[in-house]
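Architecture and fold: a report
Residues per chain are reported as follows:
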Amino acid sequence: HFLDSAVNTMPSRGEMSGFDDQPNIVFGKAPNAGKKPGGGGGGGGTQTGTGMSAAKLDAETEELKHKTVSKDLRLAISKARTAKGLTQKQLATQLNMQPQVINEYESGKAIPNNAIIAKIERALGAKLPRAPKK
């Protein structure tokens, strides 16, 4: 077999001499790349990009979720759209948007954007509840 001969000709670790003085060469990130000076790996000092400690972030439930479209906005869009006799796809085409955008707004998955809500309002000729300003 080919593999048998390859295995037999490979020197074992102990036989490979002359490489001990070579530095370890690692391709990729430089060691300590991305670590801020001042050390990290201590106790509760490790922070995430939002400035919250990892433990606090784990305990966090509500605050960091994206705001999604409110129920009254979802219902208002779908009512106004059906009153006009439009499908989600037809409305999206009128607005030069992906049908998926309208679908996300009506299913409540979208992150509200008042510019898009205003566009939908004009196309449907109906007043829609706006997302609260931050």
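Heads up: the structure comes first, above all this text.
Criteria and thresholds
Each chain has its residues counted from 1, running along the sequence as written. With pLDDT at 70 or above as the cut-off, local features in this predicted model cover only qualifying residues; side-chain atom pairs require 80 or more to be listed or tallied, and sums for whole chains, interfaces and linings still use all residues. Each side-chain value is worked out from all heavy atoms of the structure, with water and hydrogens disregarded. By nonpolar core is meant a set of buried Ala, Val, Leu, Ile, Met, Phe, Trp, Tyr and Cys residues that side-chain atoms within 4.5 Å join together. When a residue's accessible area, from a 1.4 Å probe over protein chains only, is under 20% of the maximum for its type it is buried; when over 50% it is exposed; and in between it is partly exposed. Put simply, DSSP H or I for four residues or longer makes a helix, DSSP E for two residues or longer makes a strand, and each gets a number counted from the N terminus. Pairs of residues are marked as contacts when any of their non-hydrogen atoms sit within 4.5 Å. Geometry is summarised by axes, namely lines fitted to C-alpha atoms with helices restricted to the contacting stretch, and by angles between N-to-C directions that run from 0 to 180 degrees. For classification purposes, angles smaller than 35 degrees are called roughly parallel, those larger than 145 roughly antiparallel, those between 65 and 115 roughly perpendicular, and all remaining angles oblique. Helix crossings get a hand from a simple test, with the near helix turned counterclockwise from the far one by less than a right angle marking a left-handed crossing and a clockwise turn marking a right-handed one. For this scheme, ten residues count as nonpolar: Ala, Val, Leu, Ile, Met, Phe, Trp, Tyr, Cys and Pro. Four count as charged, namely Asp, Glu, Lys and Arg, and the remainder, Gly too, count as polar. Residues adjacent in sequence count toward polar contacts only when both atoms are side-chain atoms; beyond that, a polar contact is any pair of N or O atoms within 3.5 Å, and within protein one must be able to donate a hydrogen and the other to accept it. Between Lys or Arg on one side and Asp or Glu on the other, a salt bridge is scored when a side-chain nitrogen of the former is within 4 Å of a carboxyl oxygen of the latter.

Examining the nonpolar core
- By size, the foremost hydrophobic cluster in this structure holds 19 residues, and its most contacted members are Leu73, Leu91, Leu95, Ile102, Tyr105, Ile120 and Leu128.
- Elements supplying a minimum of two residues to this core: helix 3 (71–83), helix 4 (88–94), helix 5 (99–107) and helix 6 (114–124).
- Non-local contacts of Ile120, meaning those with residues more than four positions away in its chain, are made with Ile77, Leu91, Leu95, Ile102 and Leu128.

Here we look at the environment of Ser107
- With respect to the secondary-structure elements, Ser107 resides in helix 5.
- For Ser107, a relative accessible area of 33% gives the class partly exposed.
- Each C-alpha atom, one on Ser107 and one on Arg74, is 6.7 Å from the other, the two residues being 33 residues apart in sequence.

What to know about the environment of Arg122
- Relative to the helices and strands, Arg122 is located in helix 6.
- Owing to a relative accessible area of 64%, Arg122 belongs among the exposed residues under this scheme.
- Separated by 27 residues in the primary sequence, Arg122 and Leu95 have C-alpha atoms spaced 9.5 Å apart.

Observations regarding the side chain of Glu121
- Checked against the element boundaries, Glu121 lands in helix 6.
- Aside from chain neighbours lying at most four places away, what touches Glu121 is Ala126, Lys127, Leu128 and Arg130.

A look at the packing of helix 3 against helix 6
- Direction vectors running N to C along helix 3 and helix 6 enclose 30°, while the axes themselves pass 10 Å from each other. Here helix 3 lies roughly parallel to helix 6, going by the angle between them. Once helix 3 is placed against helix 6, the crossing between them reads as left-handed. Side by side, helix 3 and helix 6 meet where Leu73, Ile77, Ala80 and Arg81 of the first sit next to Ile117, Ile120 and Leu124 of the second.
- Taken together, the residues of the contact of helix 3 with helix 6 sort by class into 6 nonpolar, no polar and 1 charged.

A closer look at the side chain of Glu106
- Summarising the element assignment, Glu106 is placed in helix 5.
- Glu106 gets classed as buried once you look at its relative accessible area, which sits at 13%.
- Of note is the side chain of Glu106, whose polar atom sits 2.9 Å from the side chain of Gln88.
- When sequence neighbours within four positions are dropped, the list of residues in contact with Glu106 reads Arg74, Ile77, Ser78, Arg81 and Gln88.

Quick look at the environment of Val101
- Mapping Val101 onto the fold places it in helix 5.
- Using a relative accessible area of 21% as the deciding quantity, one classes Val101 as partly exposed.

Describing the pattern of salt bridges
- Counted according to the given criterion, the structure contains 3 salt bridges.
- The salt bridge partner of Glu121 is Lys127, with a shortest N-O separation of 3.7 Å.
- Its relative accessible area of 10% is what places Glu121 among the buried residues.
- Given a relative accessible area of 70%, Lys127 falls into the exposed group.
- For Glu121, the salt bridge identified is with Arg130, shortest N-O distance 2.6 Å.
- In this structure Arg130 comes out as partly exposed when scored by relative accessible area, which is 40%.
- Here the salt bridges do not stand alone but share partners, grouping Glu121, Lys127 and Arg130 into one network.

Everything listed is a geometric property; what it means functionally is a separate question.
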